[in-house]
Amino acid sequence: MTTVPASDAAIAQAGSVIRRGGLVAFPTETVYGLGADALSAPACARIFEVKGRPRFDPLIVHVADQEGALQVVAGLDARARTLAERFWPGPLTLVLPKTERVSDLVTSGMPTVAVRVPAHPVALALIRAAGRPIAAPSANPFGYVSPTTAAHVEAQLGGAVDVILDGGPCAVGIESTIVDLSTPAAALLREGGTETAAIEAAIGPLARRAGTLPVNAPGQLESHYAPRVPLRLLAARAAPGDGGERRGLLAFAEPRPDVAKRFSVVEVLSPTGNVREAAQRLFACLRRLDDAGLSEVLAEPVPDSGLGPAIRDRLVRASRR
């Protein structure tokens, strides 16, 4: 395993690793992905093996543009074109009928595939250097907190990855929103980095089918994004009585001093109470709490506005370990 700054030369080399069937961890605007050639079943099998990911949980395929999407999807209908033109590149994944080129391993045997165009120059350059679509879940052991820096990937996966491209911390910090367009009724499968209200403003109301089976997109399992330490959700902001020895606090905004002093460790998602900053910092804060030797972490509620529902989704799943 080699961690290298994401220079042009390093990206070109990583592209050749993808073409040879290797694994490359790379930054996106959401989290770091663990990438392999999406058209190679043996290469994608390594993703499942390295992550310890169950084969029933499908992968997202990353492409450079709408034309690249047509390598893996059977077509883009009017809804898909509208969303692609408005939100790609960006943290939005569309589930659409797949082409025969896509292995059943990638889609967990489903007739649909999840596809997106990432909004990160390193990710786009890697896809173009590889010359093929890249299947990439988050670059971490299955079910654990997603990585938002190259150091997170190195600490978790170590020598199992051929190359880690270091492109700095991820700007959005939570995974993409997933919308299912494989049926006449568009459905929201996962809250994420693109606000649901903006999607609905573009194509109309979305049905809610998160948590339904069979799983046809990532991030739908009840327990996911979880630290090792037990995490409990609070119904309101923390009070002094919530603290105690070896308890940690995941605060949305800066807590009162009398509250903070009652906890062994306090991590603040956004000192100013900004939801986008909170999303960007979420997984890094959870990691630091997980490494602090705590018996329990209490998490404050987040606002319902903006990316708040996506943050809450991660915290609810993290609490169900």
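Throughout what follows, the structure given in this document is the object of discussion. Residue indices follow the written sequence of each chain, beginning from 1 at its first position. pLDDT decides what is reported in this predicted model: residues at 70 or higher carry local features, side-chain atom pairs at 80 or more are listed and counted, and totals for whole chains, interfaces and linings draw on all residues regardless. Calculated side-chain values reflect all of the structure's heavy atoms, with hydrogen atoms and water omitted.

It is worth spelling out the overall build of the protein chain at this point. Secondary structure elements are taken from DSSP: a helix is a run of H or I of four residues or more, a strand is a run of E of two residues or more, and numbering for both begins at the N terminus. Check the secondary structure of the protein chain and you find eleven helices and 15 strands. Throughout, the radius of gyration refers to the C-alpha atoms, and the reference size of a globule is 2.2 Å times the residue count to the power 0.38. For the protein chain, whose C-alpha radius of gyration is 19 Å, the value lies close to the compact-globule estimate of 20 Å for 321 residues. In terms of principal-axis extent, the alpha carbons of the protein chain reach across some 60 × 45 × 30 Å. Relative to its 321 residues, the protein chain shows a buried fraction of 58%. Each accessible area is a Shrake-Rupley result for a 1.4 Å probe, and residues are judged covered by the shown protein chains and nothing else. When the accessible area of the protein chain is evaluated, it comes to approximately 12100 Å², of which 53% is carbon and sulfur surface. Only four residue types enter the charge count: Lys and Arg as positive, Asp and Glu as negative, with His and the chain ends excluded. Where a charge lies is defined by one atom per residue type, namely NZ (Lys), CZ (Arg), CG (Asp) and CD (Glu). The average position of the 34 basic charges and that of the 32 acidic charges among the side chains of the protein chain differ by 2 Å. Partly exposed residues are those whose accessible area sits between 20% and 50% of the maximum for their type, while under 20% is buried and over 50% is exposed, using a 1.4 Å probe and protein chains only.

In this structure, Leu 94, Leu 126 and Leu 165 are the most contacted members of the largest nonpolar core, which totals 64 residues. By residue number, the principal contributor to this core is helix α6 (residues 121–130), which donates six residues. The contact criterion used throughout is that any non-hydrogen atoms of two residues lie within 4.5 Å. Those residues in contact with Leu 165 that lie beyond four places of it in its chain are Val 4, Ala 6, Ala 10, Ile 11, Ala 14, Val 24, Ala 25, Phe 26, Pro 27, Tyr 32, Val 122 and Leu 126. Judged by nonpolar contacts, the second largest core, of 28 residues, contains Leu 231, Val 275, Leu 294 and Val 302. To define a nonpolar core, start from buried Ala, Val, Leu, Ile, Met, Phe, Trp, Tyr and Cys residues and group those joined through side-chain atoms within 4.5 Å.

We now examine the sheet that holds strand β15 (residues 296–299). One bridge is not enough; two strands pair if DSSP finds at least two bridges between them. Spatial ordering of the open sheet is given by β12-β15-β13-β14, a layout of four strands whose pairing is parallel. Pairing within the sheet leaves two strands with one partner each, and these edge strands are β12 (231–233) and β14 (263–268). Strand-to-strand twist across the sheet, computed as the mean angle between neighbouring axes with direction ignored, equals 25 degrees. Inspection of the sheet shows β12 paired to β15 by three bridges, in the parallel sense. Following the sheet pairing, Leu 233 is matched in β15 by Ala 299. Every axis in this analysis is a line fitted to C-alpha atoms, fitted for helices over the stretch in contact. Angles between the N-to-C directions lie between 0 and 180 degrees. Those strands touched by helix α10 (residues 275–290) are β12, β13 (244–251), β14 and β15, and its axis lies near 165 degrees from that of β14. Lying on the sheet, helix α11 (residues 308–318) is in contact with β12, β13 and β15; it crosses β12 at an angle near 130 degrees.

On to the pattern of salt bridges, then. What makes a salt bridge here is a side-chain nitrogen of Lys or Arg within 4 Å of a carboxyl oxygen of Asp or Glu, nothing more. If you walk through the whole model with that rule in mind, you get 19 salt bridges. Taking the shortest distance from any N to any O, the salt bridge between Asp 77 and Arg 79 comes out at 2.9 Å. Taking relative accessible area as the criterion, Asp 77 reaches 30% and is therefore assigned partly exposed. A salt bridge links Glu 300 to Arg 237, with the shortest nitrogen-to-oxygen separation between them at 3.6 Å. Highlighted residues: Glu 300 in the loop between β15 and α11 and Arg 237 in the loop between β12 and β13, separated in sequence by 63 residues. The class of Glu 300 is buried, set by a relative accessible area of 4%.

Moving on: the sheet that holds strand β7 (residues 134–135). What the eleven strands build is an open sheet, ordered β1-β8-β2-β3-β7-β4-β6-β5-β9-β10-β11; its pairing is mixed. On the outer flanks of this sheet lie β1 (2–5) and β11 (207–208), each paired with one strand and no other. Against the sheet, helix α2 (residues 41–51) makes contact with β3 (33–37) and β7, and its axis sits at roughly 150 degrees relative to β3, the strand it touches most. Sheet contacts for helix α7 (residues 150–157): β1, β2 (24–26), β3 and β8 (163–166); angle to β8, the most-contacted strand, approximately 160 degrees.

A cis amide bond, omega -5 degrees, links Trp 88 with the succeeding residue Pro 89. In this structure, Pro 89 sits in the loop between α4 (78–87) and β5 (92–97). Backbone geometry at Ser 108 places phi at a positive 55 degrees, although glycine is not the residue there. Among the secondary structure elements, Ser 108 is positioned in the loop between α5 (104–107) and β6 (112–116). Backbone geometry places Arg 246, a non-glycine residue, at a positive phi of 65 degrees.

Where α4 meets helix α8 (residues 196–203), the axes come as close as 10 Å, and the angle between the chain directions of the two elements is 130 degrees. Regarding the angle of α4 to α8, the classification is oblique. Pair α4 / α8 crosses with right-handed handedness. Here α4 contributes Arg 79, Thr 82, Leu 83, Arg 86 and Phe 87 to the contact with α8, which in turn contributes Ala 198, Ile 199, Ala 201, Ala 202 and Ile 203. Residues are grouped as follows: nonpolar covers Ala, Val, Leu, Ile, Met, Phe, Trp, Tyr, Cys and Pro; charged covers Asp, Glu, Lys and Arg; every other residue, Gly included, is treated as polar. Within the contact of α4 with α8, the residues separate by chemical class into seven nonpolar, one polar and two charged. Convention used here: angles under 35 degrees read as roughly parallel, angles over 145 as roughly antiparallel, angles from 65 to 115 as roughly perpendicular, and any remaining angle as oblique. Handedness of each helix crossing follows the sense of rotation of the near helix against the far helix: counterclockwise by less than a right angle gives left-handed, clockwise gives right-handed.

What follows covers the state of the cysteines. Here, two cysteine sulfur atoms that lie within 2.5 Å of each other are counted as a disulfide. One pass over the structure, following the stated rule, counts zero disulfides. For Cys 170, which is in no disulfide, the shortest distance to another cysteine sulfur is to Cys 285 and amounts to 14 Å.

This part covers the pairing of β13. Remember that side chains alternate between the two faces of the sheet whenever the strand is regular. Judged from the five bridges that link them, β13 and β14 form a sheet pairing that is parallel. Opposite Ala 251, over in β14, you have Val 268 as the bridge partner. Here four bridges tie β13 to β15, and the two strands are oriented parallel to one another. Among the inter-strand pairings, Leu 249 is bridged to a residue of β15, identified as Leu 298.

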